[in-house]
Amino acid sequence: MSLSVVQGFSKSLAMTVLSEIGDKTFFAAAILAMRYPRRYVLAGCLSALIVMTILSAVVGWAAPNLISRTLTKHIATVLFLGFGLWSLWDAFHEGESEELAEVEAELDADLKASSETSRANVKDDDAKKKNRQLFSQLFSPIFLKAFSITFFGEWGDKSQIATIGLAAAENPLGVVLGGIVGQALCQTAAVFGGKSLATQISEKFIALSGGVLFIVFGIQSFFATIES
C-alpha cells in the first residue's frame, strides 16, 4: 500500500470520527436503534454513509480534472481552515447543544405520521399485501427509513464537503477507505451504545477536537501547495 493511500486513509479516518461523533446522523442512529432491530438500522445508516462517502470522494477526485490542481489545493486549504474556525467558534460560543432532543422530536413526528399512513392503508387487498411482503423481504422498511434519514441528513453537511476537499488533496482511495472505516466505527457505537452513549458525549469537546484537526489539515494543505 502506497504512502499516499495510507496518508489519505489516516486523515479521512480521523476527520470522519471527529465529524460524525455527536453529529445529527449519529444521534438519529442511536434513537432509531432503540425503536427498531439494530441490524436493519445499522445496515441502513451505514449504507447511506458509505454511498455518501464514495460520491463525495468521486467529486473530489474529479475536481482537479475540471480545474487546475493548484486552484483545487487552494480551495481545499480554505475549506479546511474555514471549517476549523467554524468548529472552534461552535465549541467556545454555543456550548452544549440540544441536538439530541431535536433529532428525537423529529423522529417522533415522523413515526407518528408513518403510523397514521399505515392505519389509513390497512384495508389494502391481498395482492398488494403479498407484493409488499415480497418487497419487505428484499428491502426492509426499517432499512429504507434509516437509509433515507441518514442520507438526506448528511447531504450538504460539513463532513461531506470536507470529504470532497480531502479527496481533492489526497489519494481518493485512501479517503474512501478511511471514511468507510470511520463511519462504521461511529455508527456501530451509536447503534449499540444507544441513547445512554449519545447523552454522555461532549459536543463541545468534539467540536474543539475537530476544529483543531481541520486547521492542521489546512496548514498541511497550504504548505503542500507552496512546495508544488
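An unreviewed UniProt entry annotates the protein chain as GDT1 family protein originating from Deinandra increscens subsp. villosa. The Subcellular location (unreviewed entry) comment attached to the protein chain in UniProt states, word for word, "Membrane". According to its UniProt record, the protein chain has this under Sequence similarities (unreviewed entry): "Belongs to the GDT1 family."

Chemist: Before we go on, may I ask you to explain the environment of S159 in this structure?
Modeler: Within the secondary structure layout, S159 lies in helix α8 (residues 158-169). Between the C-alpha atom of S159 and that of F83, which follows or precedes it by 76 residues, the distance is 9.2 Å. Setting aside chain neighbours within four positions, we find S159 in contact with M15, S19, E20 and E154. Engagement of the side chain of S159 in a polar contact is seen with the side chain of E154, the distance being 2.4 Å.

Chemist: So what exactly am I meant to see when it comes to the layout of surface pockets here?
Modeler: Vacant regions in the atomic arrangement are exposed by a probe of water-molecule size rolled over the atoms. Roughly 250 Å³ of volume is contained in the second largest pocket. Elements that contribute at least two residues to the lining of the second largest pocket include exactly α1 (3-20), α3 (38-66), α4 (69-94), α8 and α10 (203-227). Looking at the lining of the second largest pocket, its residues break down into nine nonpolar, six polar and four charged.

Chemist: What's the story with the packing of helix α2 (residues 24-35) against α3 in this structure? I'm lost.
Modeler: Think of two packed helices as two axes; the pair is described by the angle between the axes and how far apart they sit. Between α2 and α3, the least distance of the axes is 8 Å, while the angle of their chain directions is 155 degrees. In terms of orientation, α2 and α3 fall into the roughly antiparallel class. Handedness of the crossing formed by α2 with α3: right-handed. Residues A29, L32 and A33 of α2 pack against R38, V41 and C45 of α3. Grouping the constituent residues of the contact of α2 with α3 by class yields five nonpolar, no polar and one charged.

Reading guide: rules and limits
Residues numbered from 1 in each chain as written. Predicted model: local features only at pLDDT ≥ 70, side-chain atom pairs only at ≥ 80, totals over all residues. Heavy atoms only, no water. UniProt positions renumbered as here; feature names shortened; annotations may be inferred. Helix = DSSP H or I, 4+ residues; strand = E, 2+ residues; numbered from the N terminus. Contact = heavy atoms within 4.5 Å. Polar contact = N/O pair within 3.5 Å; in protein donor to acceptor, adjacent residues only side chain to side chain. 1 Å grid on protein atoms, 1.4 Å probe; cavity = no way out; pocket = protein on both sides within 12 Å on 5 of 7 lines; lining within 4 Å. Points joined across faces, edges and corners; volume = space filled by probe spheres on them. Nonpolar A, V, L, I, M, F, W, Y, C, P; charged D, E, K, R; others polar. Axes fitted to C-alpha atoms, helices over the stretch in contact; angles between N-to-C directions. Parallel < 35°, antiparallel > 145°, perpendicular 65-115°, else oblique. Left-handed = near helix turned anticlockwise from the far one by under 90°.

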